[in-house]
Amino acid sequence: MSEIYNLSAIEIRDRFLKGSISAVSIVETFLKRIEKYDSKIGAFLKVFPERALSQAKKLDERLKGGEKLGKLAGIPIAFKDNIHVKGEISTCASKFLTNYKAPFDATVTELIEAEDAIIIGKTNMDEFAMGSSTENSALQKTCNPWDLSCTPGGSSGGSAAAVAARLCPLALGSDTGGSVRLPASFCGIVGFKPTYGRVSRFGLVAYGSSLDQIGPLATTTADAALLMEVIGKHCPRDSTSFDEPQEAYLDKINNRPEGLTIGVPWQFLEELAPEPKQIFNQALETLRTLGAKIVDVDLHILKHSIAVYYILATAEASTNLARFDGIRYGVRSSKAKTLDEVYRYSKEEGFGPEVKRRILLGTYVLSAGYKDAYYKKAQKVRSLMIKSYEKTFTQCDLVATPVSPFTAFEIGAIKDPLQMYLEDIYTIGINLAGLPAISVPEGFAKDGKPLGLQLIGPQKGDALVLAAAHLYEKQSKYNLAIPTFVK
Amino acid sequence: MEQPGLKPLMGTMANLTKQTIQNLIKLSCIECSEEEQERLLIDLGKIISYFEMLDAIDTENVAPCNHVLASVVNVEREDKTGKTLSRDSFLSNAPSQIGGLIRVPPVIKNS
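Keep in mind that this is a model prediction, so the values were computed, not measured. (Residues numbered from 1 in each chain as written. Chains lettered and ligands numbered in written order. Predicted model: local features only at pLDDT ≥ 70, side-chain atom pairs only at ≥ 80, totals over all residues.)

### A short note on the overall build of chain B
- Secondary structure summary: chain B contains three helices and two strands in total.
- Residues classed as buried in chain B amount to 16% of the 111 residues present.
- The long-range fraction of contacts in chain B, counting pairs at least 24 apart against all pairs at least 6 apart in sequence, stands at 39%. (Helix = DSSP H or I, 4+ residues; strand = E, 2+ residues; numbered from the N terminus. Buried ≥ 20, exposed ≤ 12 C-beta atoms within 10 Å, placed from the backbone. Contact = placed C-beta atoms within 7 Å.)

### Some thoughts on the overall build of chain A
- Check the secondary structure of chain A and you find 16 helices and eleven strands.
- Here the C-alpha atoms of chain A give a radius of gyration of 21 Å, agreeing with the 23 Å that 2.2 N^0.38 yields for 487 residues.
- In terms of its C-alpha atoms, chain A occupies a principal-axis envelope of roughly 65 × 55 × 45 Å.
- The proportion of buried residues among the 487 residues of chain A is 62%.
- Sequence separation of 24 or more characterises 76% of the internal contacts of chain A that already satisfy a separation of 6 or more. (Rg over C-alpha atoms; globule rule 2.2 N^0.38 Å.)

### Some thoughts on the interface of chain B and chain A
- Listed as interface residues are 47 residues of chain B and, on the opposing side, 61 residues of chain A.
- Within the residue set of the side of chain B that touches chain A, elements represented by two or more residues are helix H1 (18–28), helix H2 (34–51) and helix H3 (87–91) of chain B.
- Looking at the side of chain B that touches chain A element by element, the count peaks at seven residues for H2(B).
- For the side of chain B that touches chain A, the residue count by class is 34 nonpolar, seven polar and six charged. (Nonpolar A, V, L, I, M, F, W, Y, C, P; charged D, E, K, R; others polar.)

### Details of the packing of helix H10 (residues 305–320) of chain A against helix H13 (residues 371–395) of chain A
Residues and elements named next belong to chain A.
- Packing of H10 against H13 leaves a shortest axis separation of 9 Å and a crossing angle of 125°. Judged by the inter-axis angle, H10 sits oblique to H13. Two packed elements cross with a definite hand, and for H10 against H13 that hand is left-handed. Here Ser305, Val308, Ile311, Leu312 and Ala315 of H10 come into contact with H13, specifically with Tyr374, Tyr375, Ala378, Gln379, Val381, Arg382 and Met385.
- Each residue belonging to the contact of H10 with H13 can be placed in one class, and the counts come to nine nonpolar, two polar and one charged. (Axes fitted to C-alpha atoms, helices over the stretch in contact; angles between N-to-C directions. Parallel < 35°, antiparallel > 145°, perpendicular 65-115°, else oblique. Left-handed = near helix turned anticlockwise from the far one by under 90°.)

### Some words on the pairing of strand S9 (residues 398–402) of chain A
All names here are of chain A.
- Along S9, five of the five residues are buried, which leaves the element largely enclosed by surrounding structure.
- Sheet topology places strand S7 (residues 261–264) next to S9; two bridges connect them, and they run parallel. Looking across to S9, one finds that isoleucine 262 is bridged to leucine 398.
- As judged from the four bridges shared by S9 and strand S11 (residues 450–456), these two strands associate in the antiparallel manner. From the neighbouring strand, threonine 401 faces S11, where its bridge partner is glutamine 454. (Pairing = 2+ DSSP bridges.)

### Let's talk about unusual backbone geometry
- Note the cis peptide between Gly154(A) and Ser155(A), where omega equals 10°.
- Relative to the helices and strands, Ser155(A) resides in the loop between strand S3 (118–123) and helix H5 (157–164).
- The residue Ala129(A) is not glycine, and still its phi comes out positive at about 70°.
- Among the secondary structure elements, Ala129(A) is positioned in the loop between S3 and H5.
- Positioned with a positive phi, Cys29(B) is a non-glycine residue whose angle comes to about 55°.
- Take Cys29(B): it is sitting in the loop between H1 and H2.
- Residue classification places Cys29(B) among the partly exposed positions, given that 19 C-beta atoms sit within 10 Å.

### A look at the packing of helix H2 (residues 23–41) of chain A against helix H3 (residues 49–64) of chain A
All names here are of chain A.
- The geometry of H2 relative to H3 is characterised by a closest axis approach of 7 Å and an angle of 155° between their N-to-C directions. Considering the angle they form, H2 stands roughly antiparallel to H3. Of the residues in H3, those touching H2 at Ala23, Val24, Ile26, Val27 and Leu31 are Pro49, Ala52, Leu53, Ala56, Lys57, Leu59 and Asp60.
- Of the residues in the contact of H2 with H3, the class split is ten nonpolar, no polar and two charged.

### What about the confidence of the model for chain B?
All names here are of chain B.
- The predicted model of chain B averages 85 in pLDDT, with 86% of residues at 70 or higher.
- Taken together, the stretch residues 1–13 has pLDDT below 50 and engages in 27 contacts with residues farther than four places along the chain or on a different chain.
- Our summary of model confidence lists the complex with pTM equal to 0.96 and ipTM equal to 0.91. (pLDDT = per-residue confidence, 0-100.)

### Topic: the pairing of S3(A)
Residues and elements named next belong to chain A.
- Within S3, six of the six residues are buried, which leaves it mostly tucked inside the rest of the structure.
- Pairing geometry for strand S1 (residues 44–47) and S3, over three bridges, is antiparallel. Across the sheet, the residue bridging to lysine 46 is lysine 122, located in S3.
- Note: strand S2 (residues 76–80) against S3, five bridges, orientation parallel. Of the residues in S3, the one forming a bridge with isoleucine 77 is isoleucine 119.
- Following the backbone out of S2, through helix H4 (residues 107–114) and into the adjacent parallel S3, one traces a crossover that is right-handed. (Right-handed = clockwise from strand over helix to strand, strands pointing away.)

### Quick word on H4(A)
Residues and elements named next belong to chain A.
- Looking at H4, one finds that the buried residues are Thr107, Val108, Thr109, Leu111 and Ile112.
- Where H4 is buried, its residues meet S2, strand S4 (170–175), strand S6 (213–218) and helix H7 (221–231).
- Of the residues flanking the end of H4, it is aspartate 116, one or two places downstream, whose phi is positive at about 70°.

### Notes on the nonpolar core
Residues and elements named next belong to chain A.
- Grouped together as the largest cluster of nonpolar side chains are 176 residues, with contacts concentrated most on Ile77, Ile120, Ile311, Leu455 and Leu466.
- It is H10 that provides the largest number of residues to this core, a total of ten residues.
- Beyond its immediate chain neighbours, meaning those up to four positions away, isoleucine 77 contacts Ile112, Ala117, Ile118, Ile119, Ile120, Cys168, Leu170, Ala171 and Leu172. (Core = buried A, V, L, I, M, F, W, Y, C linked by C-beta atoms within 7 Å.)

### Notes on the sheet that holds S2(A)
All names here are of chain A.
- Strand order in the open sheet made by the eleven strands is S1-S3-S2-S4-S6-S5-S10-S11-S9-S7-S8, with mixed pairing throughout. Edge positions in the sheet fall to S1 and strand S8 (293–296), since each of these pairs with one other strand and no more. Shown here is a sheet whose adjacent strand axes are inclined to one another by a mean of 30°, direction ignored.
- Each of S4, strand S5 (190–193), S6 and strand S10 (437–444) is contacted by H7, which is oriented at about 145° to S6, the strand it contacts most.

### Some words on the environment of Val403(A)
Residue and element names in this part refer to chain A.
- Summarising the element assignment, valine 403 is placed in the loop between S9 and helix H14 (417–422).
- Taking the C-alpha atoms as reference, valine 403 lies 27 Å from serine 318; in sequence the two are 85 residues apart.
- Setting aside its immediate chain neighbours within four residues, valine 403 contacts Arg181, Leu182, Ser185, Tyr426, Thr427, Ser439, Gly452 and Gln454.

Spelled out as structure tokens, the structure:
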């Protein structure tokens with residue numbers, strides 16, 4: 001019998017339901033691994049040993065009592081620290097929210113707990129999900145399990161590092177411009193960003209509300225599909241959540257997609273360096289051998305996606321983060337004497353440099369005299385991008401690109417903010433168009449670090465994206481590699 | 001809000017000034033040190049210059065995107081009270097409170 005931590009979430013659940021392992025020993029296994037490795041990785045901001053063990057005990061009793069348990073029974077799961085779990089911290093890795101405890105559950109939390117998963121802890125992230133490396137966390141550093149001198153990517157870097165190091169089999173992240181897919185690529189695991197509106201944002205701390213989506217991080221596409229079955233549900237508390245029935249993604253991914261046409265926007269990818277290009281070409285070759293037809297598509301407008309994104313996302317962030325004023329929650333500056341000082345000093349002390357930069361940038365693009373020139377212009381280009389994708393999907397079923405032009409970079413290597421923004425060039429357009437997309441491991445560079453293949457589907461084509469990734473993964477098997485350091 | 005020194009910059013290099021940064025700080029209610037302001041001037045200048053690539057795109061007759069899903073309609077619900085937070089749980093995160101209310105510094109001056 002292979003070690004429990006080597007198994008997928010579904011395999012762990014099945015062993016638990018068969019009675020070959022107890023929920024308590026599953027939790028203990030992962031708690032021990034967290035204790036052993038996380039001091040070097042720094043994935044978790046908080047671990048919940050008591051909560052997790054007490055939930056596990058209850059599950060063991062319920063199973064013994066012959067009760068039918070949920071789809072996620074006995075699976076330990078970690079949450080990015082911007083998703084509310086009632087009574088637990090939600091710091092968003094910000095000094096501003098160091099002491100904040102969520103007074104209510106996010107919708108995804110309720111859905112996941114109703115299916116008997118065990119929440120094992122909260123993970124590190126870029127402050128308020130603003131970043132591509134998790135280096136913007138004000139609370140701690142997270143290292144990439146494949147190379148501890150490198151970042152895990154971001155902003156859901158803690159969740160990705162935790163799953164890659166098998167400190168938990170499953171995790172949730174949030175993706176505003178690539179924040180699930182980029183760390184999944186850097187850490188050699190699967191990360192899925194659903195169609196905008198498929199997963200409720202209620203209880204997710206808002207960053208760019210027209211772009212944010214919660215998504216799963218896992219070691220297999222089947223695990224990601226299972227978690228999507230649970231969280232992909234209409235929610236009346238999120239007015240942007242679309243009112244359609246839940247989908248049986250797990251069944252759907254086992255129906256092999258036949259006669260797929262996959263579009264590759266070569267013009268948009270022209271600056272891709274030789275090594276990632278060669279690995280990407282290999283992935284396309286694998287897809288070809290699986291029966292897919294590869295065609296060239298025109299998405300050159302995506303070259304403008306970073307500019308559009310940093311206008312719209314910062315505009316939304318400057319509005320969303322105005323609520324952190326030191327009045328109702330969060331840290332209030334002790335040197336403030338007047339109400340105005342409470343706002344100014346609390347924000348000064350509570351927010352890190354990237355958050356301040358984005359709030360000011362968002363304020364700039366929304367101020368009088370600039371709004372039409374920047375914000376409205378960006379909204380118009382966003383319309384063009386959506387149209388461009390719509391046209392592309394009349395020519396192919398899915399689009400393929402690399403997730404990132406590089407493998408994980410060293411901690412501290414990128415100091416220029418604009419340079420960091422450019423990291424997300426291949427992922428950002430997907431959020432602007434509201435599309436579903438997955439990062440699935442596509443191999444390793446010579447330096448031993450993983451790279452991800454990105455498959456992108458039309459709006460509400462989540463099942464097809466997962467099915468195609470599942471097909472590719474079964475053939476390529478790069479998802480099974482585990483970093484030596486945590487074996 | 002009309003701000004002195006803030007004029008549309010599309011089509012030109014983003015010549016941000018210290019005054020612009022100070023206006024933004026004021027509008028955003030964030031205190032920033034001199035040193036931070038210097039840094040912001042450089043960083044924001046670069047980023048805003050980068051935005052100018054959008055100038056080259058013809059958006060005449062293009063409607064701005066207000067929602068990515070074309071199918072979305074206005075969402076309404078019945079006007080019924082649902083589950084809300086209790087006063088205690090709401091106040092549990094307040095940095096300063098008194099008598100079941102949030103305490104803030106005085107906003108009305110004694111005459």
